[in-house]
Amino acid sequence: MLVNMKEMLRSAGRDGYAVMAVNSVNMEMARAVIEAAEEEHSPIIVQMTRIQMKALAHPEDLVPMVLTMARRASVPVCLNLDHGPDYATVVDTLRMGFTNVMIDASALPFEENVRRTRIVVDTAHAMGVSVEAELGHVGQAASGDGKTEDFYTNVEQAVEFVRRTEVDALAVAVGTAHGKYPSNYVPKLDFRRLAELRDALQMPLVLHGGSGSGEENIKKAVAGGICKINVKTDAFAVAANAMKEKWAEDPEADYMEIMVAAEAAVKRFVKEYIRMIGSNDRYTFDYADNGSRE
Ligand code: 13P
């Protein structure tokens, strides 16, 4: 079933698990992700950024397909705009039927972030769509941004931000970063800050930069109040490696065989991840609170 993110993440927070959000850029990835969730009886989030939509996930073709798969699915599926850069992109995706939008004004001054987020909340909520925003800034692993404590989410500011924007989920900066960390590097997460944010906000918190963050960190983050984990780099690598392996094992492998191998590998990866963050066997929710748009 196609749902927005609000009740999906509130259930996760209440019951102490997190939902995986996988950047999916074509039909095979989206299908692998949704089927993995169905087999694990888990809620799931399919998401894409504007850049990903321009490069490969052409939304006029892919979004209707994902919405069909989501409606047909036996588990709750949310289609999320990841890192919405501006109001125009948010409105475009609302028109297309996304069920959650993220507005990311986290690189802007606090007041501007509040202003932009509030406008998106007013628009999206009027359409039954939930909203994620970001405070503090989750930067790039390649530039070592996860270590920059200046970027970390400030607890008092977060309380004010949520009060003024009425956002449904908040992405927090506590030490992770987007993309590939240097080899053998595992980020150090600020769990004390995460606990303070959880206690002060009592709402779904989101961890960006899930890739390469290490199983121990991820499990601890979920136990510490994270309800949604974004994964792109690892999912893309799983697909690419499966293709390389297929070619290595059979240099004559054709396009279809390569794609089938990638899809199967992504599905296995998502199933394992779902079990790691404890969202398996959770699919019976009460969606009365505007969780379902059907
Ligand atoms: P990774 O590429 O590090 O998994 O980050 C994904 C992400 O946070 C998307 O918003």
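Just so you know, these numbers come straight off a predicted model, no measurement behind them.

Undergrad: Describe the overall build of the chain, and please don't skip the residues or the numbers.
TA: Counting secondary structure elements, the chain contains eleven helices and eight strands. In terms of overall dimensions, the chain is globule-like: its C-alpha atoms have a radius of gyration of 18 Å, near the 19 Å expected for 294 residues. Buried residues in the chain amount to 56% of all 294 residues. Partitioning the intrachain contacts of the chain with sequence separation of at least 6 by distance along the chain shows that 74% fall at a separation of at least 24. When the accessible surface of the chain is summed, it comes to about 12900 Å², and 51% of that surface belongs to carbon and sulfur atoms. In the chain, which carries 32 positive and 43 negative side-chain charges, the distance between the mean positions of the two groups comes to 3 Å.

Undergrad: Any details on the sheet that holds strand β5 (residues 130–135)? Residues and values, ideally.
TA: Spatially, β1-β2-β3-β4-β5-β6-β7-β8 is the arrangement adopted by the eight strands of the closed barrel, whose pairing is parallel. Sheet twist, expressed as the average angle between the axes of neighbouring strands with direction ignored, equals 25 degrees. The pairing of strand β3 (residues 77–84) with strand β4 (residues 100–103) spans three bridges and is classified as parallel. The partner of asparagine 80 across the bridge, within β4, is asparagine 100. Across the sheet, helix α4 (residues 59–72) is in contact with β2 (44–48) and β3; its angle to β3 comes to roughly 145 degrees. The strands touched by helix α6 (residues 110–126) within the sheet are β4 and β5, with β5 carrying the most contacts at an inclination of about 170 degrees.

Undergrad: Describe in detail the nonpolar core, supporting the description with residues and values.
TA: Ranked by internal contacts, the top residues of the largest apolar core, which has 74 residues, are Leu170 and Val270. Ignoring sequence-local partners within four residues, the contact set of valine 270 consists of Met20, Val22, Val33, Ala36 and Ile44. Of all hydrophobic cores here, the second largest spans 15 residues; its members include Ala21, Ala169, Val206 and Cys227.

Cut-offs used in this document
Residues numbered from 1 in each chain as written. Predicted model: local features only at pLDDT ≥ 70, side-chain atom pairs only at ≥ 80, totals over all residues. Heavy atoms only, no water. Helix = DSSP H or I, 4+ residues; strand = E, 2+ residues; numbered from the N terminus. Rg over C-alpha atoms; globule rule 2.2 N^0.38 Å. Buried < 20%, exposed > 50% of the residue type's maximum accessible area, 1.4 Å probe, protein only. Contact = heavy atoms within 4.5 Å. Areas by Shrake-Rupley, 256 points an atom, 1.4 Å probe, with all protein chains shown as cover. Lys, Arg positive; Asp, Glu negative; His and termini not counted. Charge placed at Lys NZ, Arg CZ, Asp CG, Glu CD. Pairing = 2+ DSSP bridges. Axes fitted to C-alpha atoms, helices over the stretch in contact; angles between N-to-C directions. Core = buried A, V, L, I, M, F, W, Y, C linked by side-chain atoms within 4.5 Å.

Note that every value here comes from positions in space, so none of it alone points to a role or purpose.
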